[in-house]
Amino acid sequence: MVRFRPLDAWNDPRGGQIERVIIDNGTLALEVLSLGGIIRSLWTPDRDGERGNIVLGCDSAQDYLTQDAHLGAIAGRYANRIAGAQLHRDGQRFSLDNNHQSNCLHGGREGFNRKLWHIGQLNDGVRLSLFSPDGDMGFPGNANIQLDYRLVGNNLYVEILASTDKPCPISLTQHSYFNLEGASEISSAAHLIQSDSQHYLTTDDQGIPQAIASVVGTPLDLREGQALGDLRKQLASEETQGIDHCYLTPHHDGKALSRFGTISAPNSGRCLTLYTNQPGVQIYGSNFLGGTQGKQGQTLASYQAVCIEPQQLPDAPNQPSLPGTPWLMPGEVYHHMSRYQFDVG
């Protein structure tokens, strides 16, 4: 049985109120905001059975609106980067919001992370919905989005549906920052990260894909698992200053959930396994998080957590040779399903 408990709303400095709710199935518990579809807290048990919050967050609407790290939010209309902040299709050019170097990142400055979603109750979770009008951040078409967070045993399900009345690229991802030792810990360096993926995207210095490459013989080979701290050292001289790379999901067919990999923490014993139907997963080691305002007066540190972001591939709307289905057509339904399984060992 999932218990549903509303919390006191926050005032939105832009006007109106931001709803907050906790859902709890006795194993996992989740605090969700109507702002940005944000997961503010996620409580999971450690090896001693003690529940603790494992995601980074903020203590006020103002702090969420000030930061640009997408803490716990849904990134969209299109997660990750679109080169030159432009789309081209059927002889038309669409200029998108340019908010990162010369690109559109995570849907632009007023992306889905800053929108007010409608929130309602499900038997096993919450359902959020959002309408994004034609031209929102330059994207074509009126888009309707439905987001479900559901708790089933030791699993968090994230399911997203979308439709549009014009051809439009859509890729939505859940952008939580995980520290499985507890969100107040200042480093995730000892976390072990493992992925079944055999391929990743090489990129230019702005993170735009150039080619699909094998992980074999590179620091990005995670098949046997690596400590995030070791990975950071190996990638320190790169533009990313650590891991910020998109991996191709193994055995992806767009429908069934495929196992992507795990993150585990040695002290708490917590382990997170991700399954997804998305063609790619961006792994980001919070390399540039430093200085962001967190909870209880804490200033967050770079490398304090790790993001695993299931998604369509970056710049895929402009690179049709890349795997996936980045363009959503009228009459079609975008369907993102990811399962986050929490175990202890």
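Here, the structure is the one placed above.
Source: prediction; values computed, not measured.

**Digging into the overall build of the protein**
Across its full length, the protein holds two helices and 27 strands. In terms of its C-alpha atoms, the protein occupies a principal-axis envelope of roughly 60 × 50 × 40 Å. Here the contacts in the protein between residues at least 6 apart in sequence split such that 64% fall between residues at least 24 apart. For the protein, the computed accessible surface area is about 13,600 Å², with 46% contributed by carbon and sulfur atoms. Charged side chains in the protein number 25 positive and 36 negative. The centres of these two groups are separated by 3 Å.

**Topic: the environment of Pro250**
Among the secondary structure elements, Pro250 is positioned in the loop between β21 (244-248) and β22 (258-264). A C-alpha to C-alpha distance of 28 Å links Pro250 and Ser268, two positions 18 residues apart in sequence. Apart from the residues lying within four places of it in its own chain, the contact partners of Pro250 are Asp196, Ser197, Ser258, Arg259 and Phe260.

**Things to note about the pattern of salt bridges**
Tallied over the full model, the rule gives 16 salt bridges. One salt bridge in this structure joins Lys166 and Asp134, with 2.8 Å as the shortest N-O distance. Of this pair, Lys166 sits in the loop between β14 (155-164) and β15 (168-169) while Asp134 sits in the loop between β12 (125-132) and β13 (143-152), and the two are 32 residues apart along the sequence. With a relative accessible area of 37%, Lys166 lands in the partly exposed category. Judged by its relative accessible area of 37%, Asp134 falls in the partly exposed class. Members of the salt-bridge network, linked through shared partners, are Arg20, Glu31, Arg40 and Asp59.

**Examining the sheet that holds strand β3 (residues 29-33)**
With antiparallel pairing, the five strands of this open sheet are ordered in space as β1-β2-β3-β4-β5. Each edge of the open sheet is held by one strand with a lone partner, namely β1 (3-11) and β5 (51-53). When strand polarity is set aside, the average angle formed by the axes of neighbouring strands in this sheet is 15°. Pairing of β1 with strand β2 (residues 17-24), which is carried by seven bridges, proceeds in the antiparallel orientation.

**Here we look at the environment of Leu33**
Mapping Leu33 onto the fold places it in strand β3. Overall, the relative accessible area of 0% leaves Leu33 in the buried class. Among all residues touching Leu33, those that are not within four sequence positions of it are Trp10, Ile18, Glu19, Arg20, Ile38, Arg40, Tyr64 and Leu128.

**Thoughts on the sheet that holds strand β23 (residues 270-276)**
As summarised here, the arrangement of the nine strands in space is β11-β12-β13-β14-β27-β23-β22-β17-β20, forming an open sheet in which the pairing is antiparallel. Where the open sheet ends on each side, the last strands, each with one partner, are β11 (118-121) and β20 (226-227). In this structure, strand β17 (residues 192-195) lies alongside β22, joined through four bridges in antiparallel fashion. The residue of β22 that forms the bridge with Ile193 is Ile263.

**Observations concerning the nonpolar core**
In terms of nonpolar packing, the biggest core is built from 70 residues, with Tyr149, Leu156 and Phe178 touching the most fellow members. No other element matches β13, which puts five residues into this core. Within the second largest apolar cluster, 20 residues are counted, among which are Leu35, Ile38, Tyr64 and Ala305.

Criteria and thresholds
Residues numbered from 1 in each chain as written. Predicted model: local features only at pLDDT ≥ 70, side-chain atom pairs only at ≥ 80, totals over all residues. Heavy atoms only, no water. Helix = DSSP H or I, 4+ residues; strand = E, 2+ residues; numbered from the N terminus. Contact = heavy atoms within 4.5 Å. Areas by Shrake-Rupley, 256 points an atom, 1.4 Å probe, with all protein chains shown as cover. Lys, Arg positive; Asp, Glu negative; His and termini not counted. Charge placed at Lys NZ, Arg CZ, Asp CG, Glu CD. Salt bridge = Lys/Arg side-chain N within 4 Å of Asp/Glu carboxyl O. Buried < 20%, exposed > 50% of the residue type's maximum accessible area, 1.4 Å probe, protein only. Pairing = 2+ DSSP bridges. Axes fitted to C-alpha atoms, helices over the stretch in contact; angles between N-to-C directions. Core = buried A, V, L, I, M, F, W, Y, C linked by side-chain atoms within 4.5 Å.

Keep in mind these numbers describe shape, not what the thing actually does.
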